[in-house]
Amino acid sequence: MSRRRVVVTGVGAVSPVGNTAQEMWQAVSNGVSGVEKVDRLLDDGVSVYIGATIKSFDPSPYLSAKDCRRFDRFIQYGIAAGIQAIEASGFAAGKVDSERVGVVVGSGIGGIESLETTCGKFAMGQKRVSPLFIPSTIINMISGNLSIRYNFRGANLAFATACTTSTHAIGMAARLIQWNELDAAVAGGAEAALVPTAVSSFAAMKALSSRNHDPTAASRPWDRERDGFVLGDGAGVIVLEEYEQAKARGAEIYAEIVGFGMSADAHHVTSPIQDGSGFCSSMQNALKDAEIAPDRVDYINAHGTSTPLGDLAETAAIKRLFGEKTRVAVSSTKSMIGHLLGAAGAVEAIVTLQAMQEGLLPPTINLQNRDENCDLDYVANEAREGKIDIAMSNSFGFGGTNGTLLFRAI
């Protein structure tokens, strides 16, 4: 049986620079940073008190007041992004077989804010703990609630693979369609980890930027003065469909997913292999899956976290695969939206899809003093026009777990 084609027909996002995919793209394409001081972190005495926060998010169009009280913020963000994507795709109005629609949405950490709050309540006695604590925090509750809301009765899954979570979710959802297990899938990830316990832990491992005095300039991938990533909250969800079904119902098609690759560093819990070989294998596997040569790739939305070791390893990986003299355009939208952990891959895939549609390469902002060992074309500081036929989106996570998506214009 030949492999079925898979296309993207809907996108939705809640991000530090906009609470829809369209708002997010407008900000990213103009180099707007969503990083700011976080009062709660400052008040609690956390050493790093900057983050890429969600601004002016109103859950009422998506959830009842009761559900808002019950669900951790990561679930609220994920459901909102999922509803946006499903409604944008146009298939929610009975146009597809619900038995053949799946939901694959995960999170890197899940309901850590509710966990933090409930632990405080438990210290005052067991009776203070809500019976809804578990269903309000566990990672598969975005998938579960979207499935219930729309009566999607196909595969219902949730991944938790650190910062590669939503890239894996999208890639595996695409494969379920390719393998004829599903005709459509809702896939992505969500995160709301900007809370004192999580920030304190990342700060203790020296992973975060400590540029408290200059938040908007804190995330600076490939810059000589980068000192760690900036933690962010948000969600990204896309709708995937089998190509012939999407075409038959006249759906808007953003692009085709033609390749998905995975790999493991098998090296260290938090640090990547410095020669980039682990990252390179993931990209190589995506290209092999698509039967596309490296020189056909026009743009890479990099993992690009702004960490000293990670940026070097990813640069080495790209050069290892594409050649020392490659001129492929590479940018990191984390310079604007921070690192959304389990939501990062989906949000960045959405930016990649929008870049393909608009013919505009999004910038890496704050790149003022380039690291001499980082010598690729990082689309520094300002977006520029550029036709994108083939685009790649990378995600790499703690535990050495890697994922790459490859999109083709259609």
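The structure under discussion appears in the preceding block.
Notes on the structure in this doc start here. Owing to the predicted nature of the structure, the values given are computational and were not obtained by experimental measurement. (Residues numbered from 1 in each chain as written. Predicted model: local features only at pLDDT ≥ 70, side-chain atom pairs only at ≥ 80, totals over all residues. Heavy atoms only, no water.)

Examining the overall build of the chain
Inference 1: Scanning the chain from terminus to terminus reveals 13 helices and 14 strands.
Inference 2: For 410 residues, the compact-globule estimate of 2.2 N^0.38 gives 22 Å, and the C-alpha radius of gyration of the chain, at 20 Å, lies within 12% of that figure.
Inference 3: The dimensions of the chain, computed from C-alpha atoms along their principal axes, are 65 × 50 × 40 Å.
Inference 4: Excluding contacts between residues fewer than 6 apart, the proportion of contacts in the chain whose partners are at least 24 apart in sequence is 79%.
Inference 5: Of the accessible surface of the chain, which amounts to about 15,500 Å², a share of 49% is contributed by carbon and sulfur atoms.
Inference 6: Side-chain charges of the chain comprise 36 positive and 44 negative groups, with the mean position of each set lying 3 Å from the other. (Helix = DSSP H or I, 4+ residues; strand = E, 2+ residues; numbered from the N terminus. Rg over C-alpha atoms; globule rule 2.2 N^0.38 Å. Contact = heavy atoms within 4.5 Å. Areas by Shrake-Rupley, 256 points an atom, 1.4 Å probe, with all protein chains shown as cover. Lys, Arg positive; Asp, Glu negative; His and termini not counted. Charge placed at Lys NZ, Arg CZ, Asp CG, Glu CD.)

What about the side chain of T53?
Inference 1: Residue placement: T53 occurs in the loop between β3 (50–52) and α3 (65–70).
Inference 2: Residue T53 is classed as buried on the basis of its relative accessible area of 11%.
Inference 3: Not counting residues within four places of it along the chain, the set of residues in contact with T53 comprises P16, G34, E36, V38 and L194. (Buried < 20%, exposed > 50% of the residue type's maximum accessible area, 1.4 Å probe, protein only.)

A word on the pattern of salt bridges
Inference 1: What the rule picks out here adds up to 23 salt bridges.
Inference 2: Of the charged contacts in the structure, one is a salt bridge between E241 and R249, with a shortest N-O distance of 2.3 Å. Here the two residues E241 and R249 agree in accessibility, since each one is buried.
Inference 3: Where E256 meets R408, a salt bridge forms, and the shortest distance between an N and an O atom there is 3.2 Å. Of this pair, E256 sits in strand β8 (residues 255–264) while R408 sits in strand β14 (residues 401–408), and the two are 152 residues apart along the sequence.
Inference 4: Overall, E256 belongs to the buried group, its relative accessible area being 5%.
Inference 5: Using a relative accessible area of 26% as the deciding quantity, one classes R408 as partly exposed.
Inference 6: A cluster of three or more residues bridged by salt bridges with shared partners is formed by R40, R73, E113, E116 and D233. (Salt bridge = Lys/Arg side-chain N within 4 Å of Asp/Glu carboxyl O.)

Looking at the packing of aromatic side chains
Inference 1: Under the counting rule described, the total for this entry stands at seven aromatic pairs.
Inference 2: Arranged with centres 6.4 Å apart and planes meeting at 55°, the rings of F202 and F398 form a pair that is tilted. Highlighted residues: F202 in helix α8 (residues 196–204) and F398 in the loop between β13 (390–397) and β14, separated in sequence by 196 residues.
Inference 3: With a centroid separation of 4.2 Å and 15° between ring planes, the pair formed by W222 and Y378 is classed as stacked. Of this pair, W222 sits in the loop between α8 and β7 (234–242) while Y378 sits in the loop between β11 (360–361) and β12 (384–385), placing them 156 residues apart in sequence. Each member of the pair, W222 as well as Y378, is classed as buried.
Inference 4: Every member of this aromatic cluster is reached through a ring pair, and the members are F57, Y62 and Y77.
Inference 5: When the ring centre of Y243 is taken as origin, the NZ or CZ atom of R5, which lies over that ring, is 4.2 Å away. (Phe/Tyr/Trp six-rings, centres within 6.5 Å; stacked < 30°, edge-to-face > 60°. Lys NZ or Arg CZ within 6 Å of the ring centre and 35° of its normal.)

Some details on the sheet that holds strand β6 (residues 184–191)
Inference 1: Reading across the sheet, the ten strands line up as β5-β4-β6-β7-β1-β8-β14-β13-β9-β10 and stay open at both edges, with mixed pairing between neighbours. Of all strands in the sheet, those with a lone pairing partner are β5 (156–157) and β10 (329–331), marking the two edges.
Inference 2: In the sheet, strand β4 (residues 101–106) pairs with β6 via six bridges, with the strands oriented parallel. The residue of β6 that forms the bridge with V104 is A187.
Inference 3: In the packing of helix α11 (residues 308–322) onto the sheet, contacts are made with β9 (299–301), β10 and β13, and the angle to β13 comes to roughly 140°. (Pairing = 2+ DSSP bridges. Axes fitted to C-alpha atoms, helices over the stretch in contact; angles between N-to-C directions.)

Notes on the nonpolar core
Inference 1: Formed by 48 residues in total, the largest nonpolar core has its most connected members in V8, V11, M24, I170, L240 and F407.
Inference 2: Among the elements that take part in this core, helix α13 (residues 344–358) stands out by supplying nine residues, more than any other.
Inference 3: Contact partners of V8, with chain neighbours within four places excluded, come to I238, V239, L240, E252, I253, Y254, A255, I257, L353 and F407.
Inference 4: Y77, F91, V105 and L146 belong to the second-largest nonpolar core, a separate cluster that totals 32 residues. (Core = buried A, V, L, I, M, F, W, Y, C linked by side-chain atoms within 4.5 Å.)

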